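Next come the chains, spelled out residue by residue.
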Amino acid sequence: MASANLPRPELRIDMAAMDTLLTPVNCDGPGLLAFPAQSNFSGVKHPLSLVATAQARGWHVLLDAAAFVPTNRLDLRQVRPDFVAVSFYKMFGYPTGVGCLLVRNAALKVLRRPWFGGGTVNFATVKGRMHVLSSGEAGFEDGTLNYLSIPAVEIGLRHLRQVGMETIQTRVLCLTDWLIKQLLALQHRNGRPMVRLYGPVNMIMRGGTVTLNLYDPNGHLLDYRRIEQLAGDARISLRTGCFCNPGAGESAEDLSDEDMRAGLAQVGAGINLRRFMQVMQDRSGKSAGAIRVSTGLASNFADVSRFLDFVLGFRDQTALTLGTVSFDIESCRVVRDGG
Ligand SMILES: Cc1ncc(COP(=O)(O)O)c(C=O)c1O
């Protein structure tokens, strides 16, 4: 397995490096290129032209559209990935736990499933030691489908259509652009910036995800876990940590192979994000993790303005004045050992 570079500061796929990675595949079967249409770390929209480029070289392509489709139209007549993953609650908030994997018929044939669950077989025998999977997509659906939640998907899709994707897109663009500009303009009294933003600072090929860290007047990182805790006190629910994006986070903070080796060697098998963060901080002042805010269908100006007011509260604050975090962000447990 290989992964593409995401050079700073914009964290867009390094297309020259990608060109090298997408060499004709020599292995038994075709290779699989998986990439997000929009990064849920940086908001970057990666070029959808990669789909056809990779396919022309014999690769199958899985397009992760989970962060893209809530605010963008994906036309599958134009862009033709073999597999597309989407997550419905990200599109209209409900129901959680119901997503879908769209699969082209031709691509379905290359999928192998060595096990089976209830409802996915046409025939099964214990004594005969064999089973026959249902044909088509049914062979990949384990157990009873979530039939109580699935009807909500149609209602949600209708709601999206009624609001209109163009309207949602315009709103996201305006709110995100405003928020980014305001955040970047924030300064401590000594003129030092309060905010460091990861990813593009304008709205060219980017969506409504804004990822950042806050710094004190001396340029020292403020602990995002403490910021999340204070946000909770202010009734703002913030997403912090490394999200589901360890790779993008490492690129954003320029965590080197050496940093990673040092971190892993120090904390060994007992590694978790909290311990790893501490090692990175002590070693180089780099952050393992960040704060993420996103705009979408349900966001309005009051939301972004309130978040900005909250961030303004950190003007001239330091780790000392903020106090230390008293819970473990990864497991939401109270921190006892302080380690
Ligand atoms: C691009 C992308 N892929 C995958 C996921 C994971 O989705 P889920 O939690 O619905 O499995 C997310 C969640 O934020 C995402 O934004």
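Counting restarts for each chain: residues are numbered from 1 in the order of the written sequence. Local features in this predicted model are restricted to residues of pLDDT 70 or higher, and side-chain atom pairs are both shown and tallied only at a pLDDT of 80 or more, whereas totals for entire chains, interfaces and linings draw on every residue. Note: side-chain values were computed over all heavy atoms of the structure, leaving out hydrogens and water.

### Notes on the layout of surface pockets
Thought 1: The space that makes up the second largest pocket amounts to roughly 550 Å³.
Thought 2: As defined here, a cavity is a set of points on a 1 Å grid over the protein atoms alone where a 1.4 Å probe fits but cannot get out. A pocket is an open set with protein on both sides within 12 Å along at least five of seven lines, and residues line them when an atom is within 4 Å of a point. If you trace the second largest pocket, you find 17 residues lining it, with Val 69, Leu 74, Met 91, Leu 157 and Leu 160 closest to the centre.
Thought 3: Helical segments are the DSSP runs of H or I of at least four residues, strand segments are the runs of E of at least two, and each set is numbered from the N terminus. Looking at the lining of the second largest pocket, the elements with two or more residues in it are β3 (83-87), α3 (88-92), β4 (99-103) and α5 (150-163).
Thought 4: For the lining of the second largest pocket, the element with the highest residue contribution is α5, accounting for 4 residues.
Thought 5: Each residue receives one of three labels: charged for Asp, Glu, Lys and Arg, nonpolar for Ala, Val, Leu, Ile, Met, Phe, Trp, Tyr, Cys and Pro, and polar for the others, Gly being one of them. A class-by-class count of the residues in the lining of the second largest pocket yields 13 nonpolar, 2 polar and 2 charged. Grid points are joined across faces, edges and corners, and a volume is the space filled by probe spheres set on the points.

### Topic: the nonpolar core
Thought 1: Among buried residues, the Ala, Val, Leu, Ile, Met, Phe, Trp, Tyr and Cys ones that are joined through side-chain atoms within 4.5 Å form a nonpolar core. When a residue's accessible area, from a 1.4 Å probe over protein chains only, is under 20% of the maximum for its type it is buried; when over 50% it is exposed; and in between it is partly exposed. By size, the foremost hydrophobic cluster in this structure holds 38 residues, and its most contacted members are Leu 33 and Leu 74.
Thought 2: Those elements giving two or more residues to this core turn out to be β1 (32-36), α2 (49-56), β2 (60-64), β3, α3, α5, α6 (165-185) and α8 (246-252).
Thought 3: Aside from chain neighbours lying at most four places away, what touches Leu 33 is Met 18, Leu 22, Leu 50, Ala 54, Trp 59, His 60, Val 61 and Leu 62.
Thought 4: By size, the runner-up hydrophobic cluster in this structure holds 36 residues, among which are Leu 183, Leu 212, Leu 214 and Val 311. Contacts are assigned to residue pairs that have any heavy atoms within 4.5 Å of one another.

### Let's talk about helix α10 (residues 273-284)
Thought 1: Each helix should span, by expectation, one fewer than its residue count multiplied by 1.5 Å. Between its first and last C-alpha, α10 extends 16 Å over 12 residues, near the 16 Å set by a 1.5 Å rise per residue.
Thought 2: Residues of α10 that are buried: Leu 273, Arg 274, Phe 276, Met 277, Val 279 and Met 280.
Thought 3: Directly after α10, the chain includes Gly 285, whose backbone phi takes a positive value near 70°.

This is a description of form; function is not addressed.
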